[in-house]
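Examining the three-dimensional arrangement
The primary structure of each chain is shown beneath.
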Amino acid sequence: MLEVMVFDAMMISPGATLLGEPSYAIDAKKIQPRLKVIMAAAVELPEYSAPPIDAFIQKPFSLLSLEAILQKLLIAGAPSDD
């Protein structure tokens, strides 16, 4: 899907990783470098607070929490009109 459609963000869980490395995020960003990746897990995972992970959200989360993270990521990452 990443090769045929453009996405603003994608959410993954630690179960989507291979050998503790966020390989889905790495592969996704190779295809779509501007894609924002959010890690969602039940406990804080400091090892996923660095690139290629752009944000972390703790499960269970509210839609308001998700909205706040998406706004922060997408507004901060938006290209300027210059």
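Check the entry above for the structure.
Within any chain, residue numbers begin from 1 and follow the written order of that chain's sequence. Confidence filtering applies because this is a predicted model: local features only for residues at pLDDT of at least 70, side-chain atom pairs given and counted only at 80 or more, and all residues used for totals across whole chains, interfaces and linings. Values reported for side chains reflect all heavy atoms of the structure, with hydrogen atoms and water molecules removed beforehand.

In this description, strands pair whenever DSSP reports at least two bridges between them. Starting at the N terminus, helices and strands are each numbered in turn, a helix being any DSSP run of H or I of at least four residues and a strand any DSSP run of E of at least two. Spatial ordering of the open sheet is given by 1-2-3, a layout of three strands whose pairing is parallel. Two strands lie at the open edges of the sheet, namely strand 1 (9-12) and strand 3 (55-58), each paired on one side alone. Each strand axis lies, on average, 25° off the axis of its neighbour in the sheet, ignoring direction. Note: strand 2 (residues 36-41) against strand 3, four bridges, orientation parallel. For alanine 40, the partnering residue across the bridge sits in strand 3 and is isoleucine 57. Here a residue-residue contact requires only that any non-hydrogen atoms of the pair lie within 4.5 Å. To get an axis, fit a line to the C-alpha atoms, keeping to the stretch in contact for a helix; angles then go from 0 to 180 degrees between the N-to-C directions. Helix 1 (residues 23-31) contacts strand 1 and strand 2 of the sheet and is inclined by roughly 165° relative to strand 1.

Shape descriptors only; they carry no functional weight alone.
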